[in-house]
Amino acid sequence: MVIDLLLIALAITLDPLPIMAFVLVVASDRGVWKGLAFILAWLACLVAVIALVLALTGGQPPPPRSPPSTAGLAAKLAIGLLLVFYGEHRRRRLGAVHEPVPGSARKPPRKPRRPFRKSPRASSRSPSSSSMTSRMDRSSAWAAAGLAVFLQPWGIVAAGATTVIEADLSHFSSYLALFGFCILATSSLLAAELYVVFAPEAAQARLMKLRTWLEHHQDPAIVVICLLLGLWLTGKSIYQLTS
């Protein structure tokens, strides 16, 4: 259970979409408070899912090969397969975008333009980022909390729920594993929030650069996360169902 929770938490915290949105939240007016609302809503979702599963199991894992245990493993297998299929779909679509069209005429090379310098402020923010930040300036902390709920990777969180079924609350180690899962799944957001609190000017510039980098690499990151986690969940579920 611990290894599964560790991998699932890493997949949640490394998901590029929530990180990109959170950067805009903390870069807006009163961004620290909006970021705090985002993190609290994010944690509330994880805690609510864990509490719901533990309420259904009573804090005791179902016996091996019992109907509840088999159903949990089957659900984990289905989620793993869905992640693999989705990751492969994104990978093929990403390859189709970069693949040149057959028979297309090759454009002549353009003359190099004279380079010009941009101000640091202009280079750290693109026009789209500036417009979205201005929208976040007019939003409230409740809107930031709702955004956290909307951007939660619910498919991966569902995989975590199928793993929490194995938690045994009669052992203190289970409490530590669940607590560590919640903290690790929120660690990227917590790191960005603390960075903004203690170094606001440097944090805003570097986080916007991070968001720009993620805009160009989010598809490969999603593909890697989905394929690796999906293959792990699929393989382990099949092993547990057949052993």
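Residues numbered from 1 in each chain as written. Predicted model: local features only at pLDDT ≥ 70, side-chain atom pairs only at ≥ 80, totals over all residues. Heavy atoms only, no water.

### Overview of the pattern of salt bridges
Working step 1: This structure, assessed with the given rule, holds seven salt bridges.
Working step 2: Note that Lys76 is salt-bridged to Asp4, the shortest N-O span being 3.3 Å. Here Lys76 is found in helix α4 (residues 67–98), whereas its partner Asp4 is found in helix α1 (residues 2–13), with 72 residues between them in sequence. Take Lys76 and Asp4: they sit in the same class, and that class is buried.
Working step 3: Arg91 serves as the salt-bridge partner of Glu88, at 2.6 Å between the closest nitrogen and oxygen. Residue Glu88 and its partner Arg91 are both found in helix α4; the two are separated by three residues, about one turn of the helix. (Salt bridge = Lys/Arg side-chain N within 4 Å of Asp/Glu carboxyl O. Helix = DSSP H or I, 4+ residues; strand = E, 2+ residues; numbered from the N terminus. Buried < 20%, exposed > 50% of the residue type's maximum accessible area, 1.4 Å probe, protein only.)

### Brief notes about the side chain of Gln152
Working step 1: By the secondary structure assignment, Gln152 is in the loop between α7 (141–151) and α8 (154–164).
Working step 2: In this structure the side chain of Gln152 is engaged in a polar contact, spanning 3.5 Å, whose partner is the backbone oxygen of Trp42.
Working step 3: Residues within four places of Gln152 in sequence aside, it is in contact with Ile12, Trp42, Cys45, Leu46 and Val157. (Polar contact = N/O pair within 3.5 Å; in protein donor to acceptor, adjacent residues only side chain to side chain. Contact = heavy atoms within 4.5 Å.)

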